[in-house]
Amino acid sequence: MATTEVILVGVDGSKESLDAASWATARALRTGARIHLMCTYAVASYSAAALDAGYTVIDDDALRRGAQQVVDEAMEYVRERGAQHVSSSVEAGDPAGILVEMSREVDLIVVGSRGRGGFADRLLGTVSASLPAHAHCPVVVVPRHTSGKKFTPIERIVVGVDGSEAVSIALKHSVAEAAVWDARLTAVSAVPLASGGTMMSWLPTAVDRRALLDDIRQSLSQAVDAACDGKDMKVARHVLDGSPASLLIEFSTAVDLIVVGTRGRGGFAGVLLGSTSQTVLHHSTCPVMIVPSRMKNHEPAHPGTVWERR
């Protein structure tokens, strides 16, 4: 049965974007969500002085037709995989900016980790923080699948927790996502206590680090219980010594989905807005779901009604 949930998939004709479409289709088949496929195109602008008779006029219509072909091929691709509620559009403009704007209207955005100058290259390039930092809905980045188990169905999910309100929102969302997939959920807090140049190495030796870990475990357990909100769901809980980015990448080799928030207190959330964001997204071997802190106030544009593209 169809729902009012909308999953937006950015496609650019690359294999990676089709992998994203495949992931979105698998999820939509579980929830009855509508998939909206979108491709963007942009016309380069030049000053009149820069043009001469040797330049060929750029045909906006030709670019749009090419983008439409990409969307049509993606439409056929997802329908072959069972998608039933599918729509599409072609948009002129910058991919990252359009994604951020449309994140106000949809429930989930899915993109591939690499492409041909499209969504993913912008996401993992110079504006790598723009989408996760400014999106109004969760974003899933699907990496290139090279070997091993397929990305779907999702059986194991890991969510990074650092105790902040923003990450509590991500934790609640991971509980809901685990329910969608009937997956096992593990909540992890990273505490870099080892000696060396880590953020916790400044602690005086007199500090009872075991007591500190016990406090963090208690906080983690309370956060998980609050996120479950009485739901009959078993959530594994671990406090581990290590850096957030390294742990996320390590877990990605053994699970099917990593969930993180976009803001925090220097923990999992902070890595996605700092210099290590590209490291996490480039090196994760499983999809990563980024839940923005503004999810607290996010509501579908037209709750209870069928979504229509502008």
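Residues numbered from 1 in each chain as written. Predicted model: local features only at pLDDT ≥ 70, side-chain atom pairs only at ≥ 80, totals over all residues. Heavy atoms only, no water.

Asks: When you look at the overall build of the chain in this model, what are you seeing that I'm missing?
Replies: Across its full length, the chain holds 10 helices and 10 strands. In the chain, buried positions account for 49% of the 310 residues. A fraction of 77% describes how many contacts in the chain between residues 6 or more apart in sequence connect residues 24 or more apart. Only carbon and sulfur atoms are counted for the fraction: they give 51% of the accessible area of the chain, which is about 15000 Å². (Helix = DSSP H or I, 4+ residues; strand = E, 2+ residues; numbered from the N terminus. Buried < 20%, exposed > 50% of the residue type's maximum accessible area, 1.4 Å probe, protein only. Contact = heavy atoms within 4.5 Å. Areas by Shrake-Rupley, 256 points an atom, 1.4 Å probe, with all protein chains shown as cover.)

Asks: Explain the pattern of salt bridges here, please?
Replies: Side chains that differ in sign of charge can pair as their charged atoms come close. Counted by the stated rule, this structure contains 10 salt bridges. Two residues, arginine 81 and glutamate 80, come together in a salt bridge whose shortest N-O distance is 3.7 Å. As a salt-bridge pair, aspartate 214 and arginine 217 come within 3.0 Å of each other at their nearest N and O atoms. With a gap of three residues between them, aspartate 214 and arginine 217 both fall in helix α7 (residues 209-228), about one helical turn apart. Judged by relative accessible area, aspartate 214 falls into the partly exposed class, the value being 40%. A single network of salt bridges, built from pairs that share partners, joins Glu5, Arg27 and Glu177. (Salt bridge = Lys/Arg side-chain N within 4 Å of Asp/Glu carboxyl O.)

Asks: Looking at this structure, how should I read the pairing of strand β1 (residues 6-10)?
Replies: Along any regular strand, the residues point their side chains to alternate faces of the sheet. Across the five residues that make up β1, a large majority, five, are buried. Burial along β1 is two-sided: the residues Val6, Leu8 and Gly10 and Ile7 and Val9 are all buried. Relative to strand β2 (residues 34-41), β1 runs parallel, the two being bridged by five bridges. Its bridge partner being in β2, leucine 8 is matched across the sheet by histidine 36. As a crossover connection, the stretch from β1 through helix α1 (residues 15-31) into β2 is right-handed. In terms of strand pairing, β1 meets strand β4 (residues 108-112) through three bridges, oriented parallel. Among the inter-strand pairings, isoleucine 7 is bridged to a residue of β4, identified as leucine 108. (Pairing = 2+ DSSP bridges. Right-handed = clockwise from strand over helix to strand, strands pointing away.)

Asks: Just to check I follow, could you spell out helix α8 (residues 244-252) for this structure?
Replies: Helical geometry: 3.6 residues make up each α-helical turn, so side chains three or four residues apart lie on a common side. Every buried residue belonging to α8 is among Pro244, Ala245, Leu247, Leu248 and Ser252, and all of these are buried. The arc enclosing the buried residues of α8, seen along the axis, measures out at 165°, which places them on a common side. (Arc of directions from axis to C-beta.)

Asks: For this particular structure, what's the right way to read the nonpolar core?
Replies: Nonpolar side chains tend to gather and get buried jointly when the protein is soluble and globular. By size, the foremost hydrophobic cluster in this structure holds 55 residues, and its most contacted members are Val9, Trp23, Leu37 and Val110. For this core, the element with the highest residue contribution is helix α2 (residues 60-80), accounting for seven residues. Contact partners of tryptophan 23, with chain neighbours within four places excluded, come to Leu108, Val110, Val140, Val142, Phe151, Thr152, Ile154, Glu177, Trp181, Leu257 and Pro287. Formed by 25 residues, the second largest nonpolar core is a distinct cluster that contains Leu8, Ala135, Val141 and Val260. (Core = buried A, V, L, I, M, F, W, Y, C linked by side-chain atoms within 4.5 Å.)

Asks: Would you mind showing me how to read the pairing of strand β10 (residues 288-291) here?
Replies: Judged by which residues are buried, β10 turns out to be covered on both faces: Val288 and Ile290 on one side and Met289 and Val291 on the other are all buried. Direction of pairing for strand β5 (residues 139-142) relative to β10: antiparallel, over a ladder of three bridges. Looking at the pairing, valine 139 lines up with isoleucine 290 of β10.

Asks: Would you mind showing me how to read the packing of aromatic side chains here?
Replies: Each pair of aromatic rings is reported with the distance of its centres and the angle of its planes. Applying the stated criterion across every chain yields a total of one aromatic pair. Between the aromatic rings of tryptophan 23 and tryptophan 181, the centroid separation amounts to 5.8 Å while the plane-to-plane angle is 50°, which identifies the pairing as tilted. Remark: tryptophan 181 occurs in helix α6 (residues 165-181) and tryptophan 23 occurs in helix α1; sequence separation between them is 158 residues. A single burial state applies to tryptophan 23 and to tryptophan 181, both of which are buried. Of note, arginine 81 hangs over the ring of tyrosine 77, and the distance from its end group to the ring centre comes to 3.5 Å. (Phe/Tyr/Trp six-rings, centres within 6.5 Å; stacked < 30°, edge-to-face > 60°. Lys NZ or Arg CZ within 6 Å of the ring centre and 35° of its normal.)

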